[in-house]
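Residues per chain, in single letters:
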Amino acid sequence: MTAGVRLIIMGRQGAGKGTQCQRISRHYVVPHISTGDILRAAVREGTELGKMAKQVIEAGRLVGDDIMIEIIRERLEQDDARTRGYILDGFPRTVAQAVALDGIAAERPIHSVLDLDVPRDLVIQRISARRVCRDCGTNYVATGQKRDPWICDSCGGDVVQRDDDTPESINQRLDLYESQTSPLLEFYGQGGRLVEIDGSLSPDEVFEALTVAIDVARTSS
Ligand code: AMP
């Protein structure tokens, strides 16, 4: 078994990727690399990348492949990712990104691609109730009870509804997922690296299924 674990997590927006990635990151001591978080940090910092990403994210579209591939190439070259591995969340999102990632990860290939399968109507319900810490990205569920201000239990940051979690933007992003990202399932399925996980189960049950799948993939590599 090689040191570290290199994973990709896939699934519709609202499938529970963020929550499960935090747990996987702690359990296997690997960095959780979320391209959505990287872009939102750039938006907050007001960098050139951030200014461009803000418009694209608000319009519910995808940032260009070349930019995203360079972001990931640089991130995966950092020491933590080289030695410990990583869990990639939000990347790849297109077949072009997946092909580029195979090149970037040629020396230390991905162990497993985990797909959290949750039906579209259930993710729409979940996203509408989703709240997120502006600073550390921890996810919360709104229960209908008004909490104003809502302070993050982990870091004390503001807990808010994401600007792109409006019904119109959610539907547009789900359409994009079907058209551009689901072909990736075929791409990884053909390569024998895809594991389907029932993401509609409870968070603990999903985590259990993920760790079983990850441990099998690591020991057989
Ligand atoms: P997420 O938090 O993963 O839902 O990402 C939020 C938004 O960031 C997406 O709706 C896209 O506009 C953009 N984004 C994140 N990752 C990528 C990617 N790999 N390729 C293109 N755009 C991305």
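Shown above is the structure to which this text applies.
Residues numbered from 1 in each chain as written. Predicted model: local features only at pLDDT ≥ 70, side-chain atom pairs only at ≥ 80, totals over all residues. Heavy atoms only, no water.

Here we look at the overall build of the protein chain
In terms of regular secondary structure, the protein chain is built from nine helices and eight strands. The C-alpha radius of gyration computed for the protein chain amounts to 17 Å, which stays within 12% of the reference 17 Å derived for 221 residues, consistent with globular compactness. Taken along the three principal axes of its C-alpha coordinates, the protein chain extends 50 × 40 × 35 Å. Taken over 221 residues, the protein chain has a buried fraction of 43%. For the protein chain, the share of sequence-separated contacts (at least 6 apart) that also reach a separation of at least 24 residues comes to 73%. Total accessible area on the protein chain stands at roughly 11,300 Å², and carbon and sulfur atoms take up 50% of it. The distance from the centre of the 27 positive side-chain charges to the centre of the 34 negative ones in the protein chain is 3 Å. (Helix = DSSP H or I, 4+ residues; strand = E, 2+ residues; numbered from the N terminus. Rg over C-alpha atoms; globule rule 2.2 N^0.38 Å. Buried < 20%, exposed > 50% of the residue type's maximum accessible area, 1.4 Å probe, protein only. Contact = heavy atoms within 4.5 Å. Areas by Shrake-Rupley, 256 points an atom, 1.4 Å probe, with all protein chains shown as cover. Lys, Arg positive; Asp, Glu negative; His and termini not counted. Charge placed at Lys NZ, Arg CZ, Asp CG, Glu CD.)

What about the site of the ligand?
Taken together, 14 residues lie around the ligand, and Thr-35, Arg-40, Arg-61, Gly-90 and Arg-93 are the ones closest in. At a separation of 3.0 Å, an oxygen atom of the ligand approaches a polar side-chain atom of Arg-93. One nitrogen or oxygen atom from the side chain of Gln-97 is found 3.0 Å from a nitrogen atom belonging to the ligand. No other element matches helix α2 (residues 35-45), which puts four residues into the shell around the ligand. Here the shell around the ligand is composed, by residue class, of six nonpolar, four polar and four charged. (Near = heavy atom within 4 Å. Polar contact = N/O pair within 3.5 Å; in protein donor to acceptor, adjacent residues only side chain to side chain. Nonpolar A, V, L, I, M, F, W, Y, C, P; charged D, E, K, R; others polar.)

Considering the sheet that holds strand β5 (residues 130-133)
Spatially, the three strands line up as an open sheet ordered β6-β5-β7, and their pairing is antiparallel. Looking along the sheet, the strands with just one partner apiece sit at the ends: β6 (139-141) and β7 (159-160). Of the strand pairs in this sheet, β5 and β7 are connected by two bridges, and their pairing is antiparallel. Pairing of Cys-133 across the sheet is with Val-159, part of β7. (Pairing = 2+ DSSP bridges.)

Looking at the sheet that holds strand β4 (residues 112-117)
Taking strand neighbours across the sheet as the criterion, the five strands line up as β2-β3-β1-β4-β8 in an open arrangement whose pairing is parallel. Of all the strands in the sheet, just β2 (32-34) and β8 (194-198) have a single pairing partner and so form its edges. Sheet twist, expressed as the average angle between the axes of neighbouring strands with direction ignored, equals 25°. Relative to strand β3 (residues 85-89), strand β1 (residues 5-10) is paired through five bridges, and the arrangement is parallel. The residue of β3 that forms the bridge with Val-5 is Gly-85. This element, helix α8 (residues 167-190), spans β1, β4 and β8 of the sheet and lies at about 140° to β1. (Axes fitted to C-alpha atoms, helices over the stretch in contact; angles between N-to-C directions.)

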